[in-house]
Amino acid sequence: MGFTNAQAKKALRETGGNMERAVEWLFNHPDDTGEDTAPATSSSETTKAPPGSSRLPARYRLKAFISHKGPSVHSGHYVAHIRMPRTGDAMDVDDGAGDWVLFNDEKVVRADATSVKDLKKLAYMYIFERV
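Residues numbered from 1 in each chain as written. Predicted model: local features only at pLDDT ≥ 70, side-chain atom pairs only at ≥ 80, totals over all residues. Heavy atoms only, no water.

1. Details of the sheet that holds strand β2 (residues 75–84)
So, point 1. Reading across the sheet, the 5 strands line up as β4-β3-β2-β1-β5 and stay open at both edges, with antiparallel pairing between neighbours. Here the strands that pair on one side only, and so sit at the sheet edges, are β4 (107–110) and β5 (125–130). For this sheet the average axis-to-axis angle between neighbouring strands, irrespective of direction, equals 20°.
So, point 2. Here β2 pairs with strand β3 (residues 99–104) via 5 bridges, running antiparallel. Counterpart to methionine 84 in the pairing with β3 is aspartate 99.
So, point 3. Contacts from helix α3 (residues 113–121) reach β1 (60–72), β2, β3 and β5 within the one sheet, and its direction differs from that of β1 by about 85°. (Pairing = 2+ DSSP bridges. Helix = DSSP H or I, 4+ residues; strand = E, 2+ residues; numbered from the N terminus. Axes fitted to C-alpha atoms, helices over the stretch in contact; angles between N-to-C directions. Contact = heavy atoms within 4.5 Å.)

Written out as C-alpha cells, the structure is:
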C-alpha cells in the first residue's frame, strides 16, 4: 500500500504539518485522492509558509549512540551511550561538553573516554539533536 504525493501533501495540510498526525490522517481517509476540491486561491491572498526552519545550514550534535559490546555477533549485547549535560551547562555544539553515560543493562555509569571513542566508531545507531 502506498500513498501518492497529492495524498501526502493534503494530509500535511490538514494536520498543520505534523507528520505523525498526517500518517494517521492518511490511514483514516483511505479513499481521499488528495485532490483539493476547494477553489484555487487568488494571487492577492498570502500563502502560508511551509513548516520547518529557515535557519541554514542546519546544525546537529551527537546526543547518543547504540552499539554492540562483545567479541562476536553470537555473544555480547547492546549498550547505549548518552551524552548528559553537566549541571548548568548549555552544551554548545562546538565544545563537546557533557558527560557520556553508559547504559549497560542495570548498570549505569559515567563512560570513560576510551569506551566512547572505540564504540562510537562501530555504533549501529546514532541519535542527533538539532542545536
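Moving on, there is more to tell.
2. Things to note about the environment of tyrosine 60
So, point 1. Following the sequence through the fold, tyrosine 60 ends up in strand β1.
So, point 2. Sequence separation between tyrosine 60 and phenylalanine 128 is 68 residues, and the spatial gap between their C-alpha atoms is 6.0 Å.

3. Observations concerning unusual backbone geometry
So, point 1. Unusually for a residue other than glycine, aspartate 105 sits at a positive phi of about 55°.
So, point 2. Within the secondary structure, aspartate 105 sits in the loop between β3 and β4.

4. A closer look at the packing of helix α1 (residues 5–14) against helix α2 (residues 19–28)
So, point 1. Remark: α1 packs on α2, axes separated minimally by 8 Å, with the N-to-C direction vectors making an angle of 120°. As summarised for this structure, α1 and α2 are arranged oblique, according to the angle between their axes. Considering how the two elements wind past one another, α1 and α2 form a crossing that is right-handed. On α2, the residues that touch Gln7, Ala8, Lys10, Ala11, Leu12 and Glu14 of α1 are Met19, Ala22, Trp25 and Leu26.
So, point 2. Across the contact of α1 with α2, the residue classes break down as 7 nonpolar, 1 polar and 2 charged. (Parallel < 35°, antiparallel > 145°, perpendicular 65-115°, else oblique. Left-handed = near helix turned anticlockwise from the far one by under 90°. Nonpolar A, V, L, I, M, F, W, Y, C, P; charged D, E, K, R; others polar.)

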